[in-house]
Amino acid sequence: MNQLIDPFNRSITYLRVSVTDHCNYRCHYCRDEDHITGTTQNEILSYEEIAKIVRLFSQLGVTKVRLTGGEPLLRKNILNLVTMLGEIPAINDIPISTNAHLLAPMASQLKAAGINRANISIDSLKPDRFKQITRGGDLDKVIQGIDAAIASGMHPLKLNMVVMRGVNDDEIEAMVDFAIGRKIDIRFIETMPIGAAGIDALDHHYSEADILNRMHAHLPERLIVTNPTQTSGPAKSYLINGSKTSVGIISAVSNNFCSSCNRVRLTAKGRLILCLGQENSISLRDLLRSGKHDDEIKSVIINAINNKPEKHEFDSAINNIDSAQMVEIGG
Ligand code: SAM
């Protein structure tokens, strides 16, 4: 099998696919309140086009495809896409990232169609605060979605909490207890200075070290380091002794985890993005629609991977990823 190896000897096996740039939430660090997604149906990739691109990537060594957005569950007939991706032989892992607002009635069908696991965004367990952060979100619905995902057998399930000093940092312990109670995993994410958060995110920065101190105080001698070298992705993770829960910390700001990056991103409009923190991209949609042969498109993908940047530039004061782009890329 062909392999996608970039100039920094990283093997690309993971494609994140944004299936829509629409979202039913307006998290204030992600998109502006009045953000309107002007994208038309014809601009975004059809399910056949997404499946075609995923098949080409799978022939180049990609085995994992995450569905994200915007909010992926907003896209009509998403089950059809999951089924199509599940039929691609080399793809053996199809997780979804969702805010879970629409998940409860769909969880078991998604699992049956091929979604084996999910990351669910939840930044507060206080209904009013949750509503404020998401600008209108419904915490009850999200918790129902989480419980339905547990009941469906999706595994592992990870909660994603963006920790913001002075906004929700007082809920770190409550969130861990919530995850322990439901026997699911939790990951704390440092606010990244991209999207609507922009450089202001650094004002709310809550560091990995601070989160860890809080964890050690809350669960004395119960944190067992599971991946000290961070070879399996961006999250440093710890198992909580005596529970079924692991805690991860995604510290894109405190730490640069780019040396183990194994992923690229496909936007809803079919742009291939090589790095979350940089704007290099190439339109695979235009190549597909201009009738290029599979081998030509695969060559373009291989060339693009040869230009994957060594690392993001979150630490630079000038970051090119604005709100509109973040919305399109899907985190
Ligand atoms: N709607 C889905 C969801 O809520 O998970 C998928 C898209 S959302 C953009 C993916 C993840 O990106 C969410 O966990 C969100 O909290 C995170 N995110 C968005 N902007 C961020 C920022 N500036 N810093 C850190 N995380 C961010």
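For the structure given in this document, a descriptive report is provided here. Remember, predicted model here, so these are calculated numbers, not experimental data.

Description of the overall build of the protein
Then comes step 1: The number of helices and strands found in the protein is 10 helices and 12 strands.
Then comes step 2: At 19 Å, the protein has a C-alpha radius of gyration in line with the 20 Å of a compact globule built from 331 residues.
Then comes step 3: Counting only C-alpha atoms and orienting by the principal axes, one finds that the protein spans roughly 55 × 40 × 40 Å.
Then comes step 4: Within the span of the protein, comprising 331 residues, buried residues form 55% of the whole.

Overview of the side chain of Arg-214
Then comes step 1: Note that Arg-214 resides in helix α7 (residues 208-218).
Then comes step 2: Only 2.7 Å separates the side chain of Arg-214 from the side chain of Glu-173, close enough to count as a polar contact.
Then comes step 3: The residues contacting Arg-214, other than those within four sequence positions of it, are Asp-169, Asp-170, Glu-171, Ile-172, Glu-173 and Tyr-206.

Observations concerning the packing of aromatic side chains
Then comes step 1: Applying the stated criterion across every chain, the model contains 1 aromatic pair.
Then comes step 2: Their ring planes at 75 degrees and their centres at 6.0 Å tell us that Tyr-25 and Phe-130 sit as a pair that is edge-to-face. Of the two residues, Tyr-25 sits in the loop between β1 (14-18) and α1 (47-59) while Phe-130 sits in helix α4 (residues 127-134), which places them 105 residues apart along the sequence.
Then comes step 3: Taking relative accessible area as the criterion, Phe-130 reaches 2% and is therefore assigned buried.
Then comes step 4: In this structure, Lys-64 packs its charged tip against the face of Tyr-14, placed 3.9 Å from the ring centre.

Here we look at the nonpolar core
Then comes step 1: Core analysis: the biggest nonpolar cluster contains 91 residues, and Phe-57, Leu-67, Ile-78 and Phe-188 have the highest contact counts within it.
Then comes step 2: Considering every element that reaches this core, the biggest residue donor is α1, with 7 residues.
Then comes step 3: Those residues in contact with Phe-57 that sit more than four places away from it in its chain are Leu-4, Leu-15, Val-62, Val-264, Leu-272, Leu-284 and Ile-301.

Comments concerning the site of the ligand
Then comes step 1: Around the ligand, a shell composed of 20 residues is seen, among which Tyr-29, Gly-70, Glu-71, Ser-121 and Met-192 lie nearest.
Then comes step 2: One of the side-chain nitrogen or oxygen atoms of Glu-71 is found 3.0 Å away from a nitrogen atom of the ligand.
Then comes step 3: In the environment of the ligand, an oxygen atom lies 3.5 Å from a nitrogen or oxygen atom belonging to the backbone of Thr-98.
Then comes step 4: Expressed as a share of its isolated accessible area of 550 Å², the protein-covered part of the ligand is 92%.
Then comes step 5: Where the shell around the ligand is concerned, the elements lending two or more residues are β3 (96-98), β5 (157-163) and β6 (185-190).

Details of the pattern of salt bridges
Then comes step 1: One pass over the full model with this rule turns up 11 salt bridges.
Then comes step 2: With a shortest N-O distance of 3.6 Å, Asp-170 and Lys-126 are connected by a salt bridge. Here Asp-170 is found in the loop between β5 and α6 (172-182), whereas its partner Lys-126 is found in the loop between β4 (118-121) and α4, with 44 residues between them in sequence.
Then comes step 3: Since its relative accessible area comes to 39%, Lys-126 is described here as partly exposed.
Then comes step 4: As a salt-bridge pair, Asp-286 and Arg-285 come within 3.2 Å of each other at their nearest N and O atoms.
Then comes step 5: For Arg-285, a relative accessible area of 18% corresponds to the buried category.
Then comes step 6: Via salt bridges that share partners, Lys-126, Arg-129, Asp-170 and Glu-171 belong to a single interconnected network.

A look at the packing of α1 against helix α2 (residues 78-86)
Then comes step 1: Two elements in contact, α1 and α2, have axes whose closest approach is 10 Å; the angle formed by their N-to-C orientations is 25 degrees. By the angle between their axes, α1 is roughly parallel relative to α2. In terms of crossing hand, the pair formed by α1 and α2 is right-handed. Residues Tyr-47, Glu-48, Ile-50, Ala-51 and Val-54 of α1 form the contact with α2, whose own contacting residues are Ile-78, Asn-80, Leu-81, Met-84 and Leu-85.
Then comes step 2: Taken together, the residues of the contact of α1 with α2 sort by class into 8 nonpolar, 1 polar and 1 charged.

What counts as what
Residues numbered from 1 in each chain as written. Predicted model: local features only at pLDDT ≥ 70, side-chain atom pairs only at ≥ 80, totals over all residues. Heavy atoms only, no water. Helix = DSSP H or I, 4+ residues; strand = E, 2+ residues; numbered from the N terminus. Rg over C-alpha atoms; globule rule 2.2 N^0.38 Å. Buried < 20%, exposed > 50% of the residue type's maximum accessible area, 1.4 Å probe, protein only. Polar contact = N/O pair within 3.5 Å; in protein donor to acceptor, adjacent residues only side chain to side chain. Contact = heavy atoms within 4.5 Å. Phe/Tyr/Trp six-rings, centres within 6.5 Å; stacked < 30°, edge-to-face > 60°. Lys NZ or Arg CZ within 6 Å of the ring centre and 35° of its normal. Core = buried A, V, L, I, M, F, W, Y, C linked by side-chain atoms within 4.5 Å. Near = heavy atom within 4 Å. Areas by Shrake-Rupley, 256 points an atom, 1.4 Å probe, with all protein chains shown as cover. Salt bridge = Lys/Arg side-chain N within 4 Å of Asp/Glu carboxyl O. Axes fitted to C-alpha atoms, helices over the stretch in contact; angles between N-to-C directions. Parallel < 35°, antiparallel > 145°, perpendicular 65-115°, else oblique. Left-handed = near helix turned anticlockwise from the far one by under 90°. Nonpolar A, V, L, I, M, F, W, Y, C, P; charged D, E, K, R; others polar.

Shape descriptors only; they carry no functional weight alone.
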